[in-house]
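Spelled out from the first residue to the last, the chains are:
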Amino acid sequence: MPSDWAVAKEKPKASTAKAQALAASAPDGDWPLGSERAQVTLLEYGSLTCSHCADFNNQVLPRIKATYVDTGRVRYVFRAFPTPPMGLSYPMHSLARCAGPKAYHRVVDAFFQQQKVIFDAAQRGTGAKDSVYSIFTEASGMNAAQADICLHTQSHADAVNQQSLKGAEMGVHGTPTIFLQTAKGVTLLAPPYDVENVGRALDAALAALPPKSAAKQAKAKAPIKVKTKAKKP
């Protein structure tokens, strides 16, 4: 895992727009948001040093979550796909993994919300480490000593690598890249990744779900049989 803290600004890769249907087995350690009963999953591959990913997280995702995830209709998965500068991206993703499933999305969101603070710090001679640690400890509830341990724990870097390799296998070339997953498979969502386009795609995916059977919808209970006592002769 890279241990140096890069001081160069991020150079985002272009998002891919190639339409394709893919079968994707989830790598270990997906920590979704939303109901387990949701039949549609919004799967994002993103990088914490990607400015377009920060825009999606800060401007689009809150409205998508409020309309689809918080209401139980859609699950949301964020997978790591680090982009340059790797000496900054990998430690940030590893710290997010170290925060665990309960704080993972909170740390990811904090890094995106304060991405400019991190980039500004990276331009100074001291680098971005202090800023990253400050954001991480506040969002995760952990301290700086624990953050040091996180970055020396190989399993966190391995989880980031696994997700990144799975993304490459699925055809991810830039970030953010978003897929929609249903029982029928995984489909790449073409940009733009704005509220209107993503919402329209989710509405179409939800509308295409097979209708629930009348029995499941009703969930009717069988009538209770009342035992009557036999009358004495």
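Preceding this paragraph is the structure being described.
The rules behind each value
- Residues numbered from 1 in each chain as written.
- Predicted model: local features only at pLDDT ≥ 70, side-chain atom pairs only at ≥ 80, totals over all residues.
- Heavy atoms only, no water.
- Salt bridge = Lys/Arg side-chain N within 4 Å of Asp/Glu carboxyl O.
- Helix = DSSP H or I, 4+ residues; strand = E, 2+ residues; numbered from the N terminus.
- Buried < 20%, exposed > 50% of the residue type's maximum accessible area, 1.4 Å probe, protein only.
- Core = buried A, V, L, I, M, F, W, Y, C linked by side-chain atoms within 4.5 Å.
- Contact = heavy atoms within 4.5 Å.
- Phe/Tyr/Trp six-rings, centres within 6.5 Å; stacked < 30°, edge-to-face > 60°.
- Lys NZ or Arg CZ within 6 Å of the ring centre and 35° of its normal.

Enquirer: Just checking my understanding: could you explain the pattern of salt bridges for this structure?
Expert: Close approach of charged atoms allows side chains of opposite charge to pair. A full pass over the atoms with the stated rule returns three salt bridges. Asp 30 is paired through a salt bridge with Arg 79; the nearest N and O atoms lie 2.8 Å apart. In this pair, Asp 30 sits in the loop between strand S1 (21–22) and strand S2 (40–46) while Arg 79 sits in strand S3 (residues 74–80), placing the two residues 49 residues apart along the sequence. With respect to class, Asp 30 is no different from Arg 79; both count as buried. Two residues, Glu 169 and Lys 166, come together in a salt bridge whose shortest N-O distance is 3.1 Å. Taken together, the residues Glu 169 and Lys 166, both in helix H7 (residues 154–169) and three residues apart, mark about one turn of the helix.

Enquirer: Teacher, can you tell me more about unusual backbone geometry here?
Expert: Glycine aside, a negative phi is what most residues show, and trans is what most peptide bonds show. Residue Pro 85 is reached from Pro 84 by a cis peptide bond, and omega for that bond is 0 degrees. In this structure, Pro 85 sits in the loop between S3 and helix H2 (86–98). Put simply, Thr 175 and Pro 176 share a cis peptide bond, and its omega is -5 degrees. Mapped onto the elements, Pro 176 comes out in the loop between H7 and strand S4 (177–182).

Enquirer: It is not clear to me how the nonpolar core should be interpreted in this structure. Could you clarify?
Expert: Among soluble globular proteins, nonpolar side chains are generally buried collectively. Of all hydrophobic cores here, the largest spans 51 residues; its most connected members are Leu 42, Phe 111 and Leu 202. Counting residues per element, this core draws most heavily on helix H1 (residues 51–69), at eight residues. Among all residues touching Leu 42, those that are not within four sequence positions of it are Ile 64, Val 74, Arg 75, Tyr 76, Val 77, Ile 178, Phe 179, Leu 180, Val 198 and Leu 202. Residues Tyr 45, Val 77, Val 172 and Phe 179 belong to the second largest nonpolar core, which totals nine residues.

Enquirer: What am I meant to see in the packing of aromatic side chains here?
Expert: Considering all chains together, one arrives at four aromatic pairs under this definition. Considering the side-chain rings of Trp 31 and Tyr 104, the 5.2 Å spacing of their centres and the 75 degrees angle between planes classify their relative orientation as edge-to-face. Within this pair, whereas Trp 31 is found in the loop between S1 and S2, its partner Tyr 104 is found in helix H3 (residues 104–113), the two being separated by 73 residues in sequence. On the numbers, 6.2 Å between centres and 85 degrees between planes, the contact of Tyr 45 with Phe 179 is edge-to-face. Residue Tyr 45 is located in strand S2, and its partner Phe 179 is located in strand S4; the two are separated by 134 residues in the primary sequence. What links up through ring pairs into an aromatic cluster is the set Tyr 45, Phe 81 and Phe 179. The ring centre of Trp 31 lies 3.8 Å from the NZ or CZ of Arg 97, which sits over that ring. Above the ring of Tyr 104, the side-chain terminus of Arg 97 is found at 5.6 Å from the ring centroid.

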